[in-house]
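One-letter residues, chain by chain:
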Amino acid sequence: MFVFTKQPSIANQFIAELRDVSVQQDRLRFRRNLERLGELMAYEISKTLPYHNVNVPTPLGVSKTQLPRQQPVLATILRAGLPFHQGFTNFFDQAENAFAGAYRGYALGSNDEFEIAMDYISSPDLSGKTLILSDPMLATGRSLEKVYHALLRYGIPAQTHIAAVLASPEGIAYVQERLPQCHLWLGAIDDHLNDHFYIVPGLGDAGDLAFGQKV
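Residues numbered from 1 in each chain as written. Predicted model: local features only at pLDDT ≥ 70, side-chain atom pairs only at ≥ 80, totals over all residues. Heavy atoms only, no water.

1. Topic: the overall build of the protein
Working step 1: Scanning the protein from terminus to terminus reveals six helices and twelve strands.
Working step 2: Radius of gyration (C-alpha) of the protein: 18 Å, near the 17 Å computed for a compact globule of 215 residues.
Working step 3: Expressed along its principal axes, the backbone C-alpha trace of the protein runs to roughly 70 × 40 × 30 Å.
Working step 4: Counting every position in the protein, which comprises 215 residues, the buried fraction comes to 47%.
Working step 5: By sequence separation, contacts in the protein at least 24 residues apart represent 64% of the contacts at least 6 residues apart.
Working step 6: On the protein, roughly 11,000 Å² of surface is accessible, and the fraction owed to carbon and sulfur atoms is 52%.
Working step 7: Averaging the coordinates of the 18 positive side-chain charges in the protein and doing the same for the 22 negative ones gives two points 6 Å apart. (Helix = DSSP H or I, 4+ residues; strand = E, 2+ residues; numbered from the N terminus. Rg over C-alpha atoms; globule rule 2.2 N^0.38 Å. Buried < 20%, exposed > 50% of the residue type's maximum accessible area, 1.4 Å probe, protein only. Contact = heavy atoms within 4.5 Å. Areas by Shrake-Rupley, 256 points an atom, 1.4 Å probe, with all protein chains shown as cover. Lys, Arg positive; Asp, Glu negative; His and termini not counted. Charge placed at Lys NZ, Arg CZ, Asp CG, Glu CD.)

Here it is in structure tokens:
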């Protein structure tokens, strides 16, 4: 498990601005900070991918280098995941993409009891590929688990990386138990989930902060 805030880096600034109530109301900056963290995580994950040797012709000769053997498939959960996902696509600009619409479906009159509802999914063939599944908030882990299993109908990936900006200890434990084959990449690990299953201290609702409050 990789966690950015275990060591000082510029990622700390981006995460701090996402949390800061005096900064996060600037939607453009909020989205851009999610995008920046996606770029940083894409770079770190790129170090784990398989590479092969290639010769690159230049105007003056041939340069030997190593390039990714295969582009990953980038998947995210709508709508909060879009800016974070954009950061990954900025670096893996030849990658195929997958999208899923998953959200908390609350019981009538309840703010606490919910099931994960999913009403949209689109994906390329995943067979034998590297899958990077991103979602800014790893709270309970139930959305990520549901989307991951839904994606398997498109093929079994060779390896899967799950990326999140903030995570709760409860969500991490859930994913590690239910999806032990997946590698976790996190911006920061927060204290706990509250009674409404939101991350504390967290940052609020990432989707609302990025795109406006939903009704």
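2. Brief notes about the packing of helix α1 (residues 11-19) against helix α2 (residues 27-46)
Working step 1: Two elements in contact, α1 and α2, have axes whose closest approach is 9 Å; the angle formed by their N-to-C orientations is 150°. It follows from the interaxial angle that α1 and α2 lie roughly antiparallel. Pair α1 / α2 crosses with left-handed handedness. In this structure, α1 contributes Ala-11, Phe-14, Ile-15, Glu-17 and Leu-18 to the contact, and α2 contributes Arg-29, Phe-30, Asn-33, Leu-34, Arg-36, Leu-37 and Leu-40.
Working step 2: Split by residue class, the contact of α1 with α2 holds eight nonpolar, one polar and three charged. (Axes fitted to C-alpha atoms, helices over the stretch in contact; angles between N-to-C directions. Parallel < 35°, antiparallel > 145°, perpendicular 65-115°, else oblique. Left-handed = near helix turned anticlockwise from the far one by under 90°. Nonpolar A, V, L, I, M, F, W, Y, C, P; charged D, E, K, R; others polar.)

3. Observations regarding the layout of surface pockets
Over the atoms rolls a probe the size of a water molecule, and in doing so it shows where empty space is left.
Working step 1: In this structure, the largest pocket spans a volume of roughly 700 Å³.
Working step 2: Lining the largest pocket are 27 residues, and of these Ala-80, Ala-102, Tyr-103, Arg-104 and Asp-205 sit closest to its centre.
Working step 3: Elements with a contribution of two residues or more to the lining of the largest pocket: β4 (73-78), β5 (96-106), β6 (114-122), β8 (137-138), α4 (142-151) and α6 (206-211).
Working step 4: Take the lining of the largest pocket: its biggest share by element is five residues, from β5.
Working step 5: The class makeup of the residues in the lining of the largest pocket is 15 nonpolar, six polar and six charged. (1 Å grid on protein atoms, 1.4 Å probe; cavity = no way out; pocket = protein on both sides within 12 Å on 5 of 7 lines; lining within 4 Å. Points joined across faces, edges and corners; volume = space filled by probe spheres on them.)

4. Quick look at α2
Working step 1: Under the 1.5 Å per step criterion, the end-to-end length of α2 is 28 Å for 20 residues, consistent within 8% with the ideal 28 Å.
Working step 2: Restricting attention to buried positions, one finds in α2 the residues Phe-30, Asn-33, Leu-34, Glu-35, Leu-37, Gly-38, Glu-39, Met-41, Ala-42, Glu-44, Ile-45 and Ser-46.
Working step 3: Put simply, Asp-26 is the residue that caps the front of α2, since its side-chain oxygen is 3.3 Å from the backbone nitrogen of Leu-28. (Expected span 1.5 Å × (residues − 1). Polar contact = N/O pair within 3.5 Å; in protein donor to acceptor, adjacent residues only side chain to side chain.)

5. A word on the packing of aromatic side chains
Working step 1: Considering all chains together, one arrives at three aromatic pairs under this definition.
Working step 2: Taking the centre distance of 5.0 Å and the plane angle of 85° together, the rings of Phe-2 and Phe-4 count as edge-to-face.
Working step 3: Considering the side-chain rings of Phe-2 and Trp-185, the 5.2 Å spacing of their centres and the 35° angle between planes classify their relative orientation as tilted. Of the two residues, Phe-2 sits in strand β1 (residues 2-3) while Trp-185 sits in strand β10 (residues 182-189), which places them 183 residues apart along the sequence.
Working step 4: The class for Trp-185 is buried, based on a relative accessible area of 9%.
Working step 5: Through a chain of ring-to-ring contacts, three or more aromatic side chains come together here, namely Phe-2, Phe-4 and Trp-185. (Phe/Tyr/Trp six-rings, centres within 6.5 Å; stacked < 30°, edge-to-face > 60°.)

6. Remarks on the pattern of salt bridges
Working step 1: Taken as a whole and judged by the stated rule, the model has eleven salt bridges.
Working step 2: In this structure, Glu-96 and Lys-129 form a salt bridge, with 2.8 Å as the shortest nitrogen-oxygen distance. Placement of Glu-96 in strand β5 and of Lys-129 in the loop between β6 and β7 (130-134) is noted, with a sequence separation of 33 residues between them.
Working step 3: A relative accessible area of 37% places Glu-96 in the partly exposed class.
Working step 4: Judged by its relative accessible area of 16%, Lys-129 is buried.
Working step 5: Glu-145 serves as the salt-bridge partner of Arg-178, at 3.3 Å between the closest nitrogen and oxygen. Of the two residues, Arg-178 sits in helix α5 (residues 169-178) while Glu-145 sits in helix α4, which places them 33 residues apart along the sequence.
Working step 6: Since its relative accessible area comes to 42%, Arg-178 is described here as partly exposed. (Salt bridge = Lys/Arg side-chain N within 4 Å of Asp/Glu carboxyl O.)

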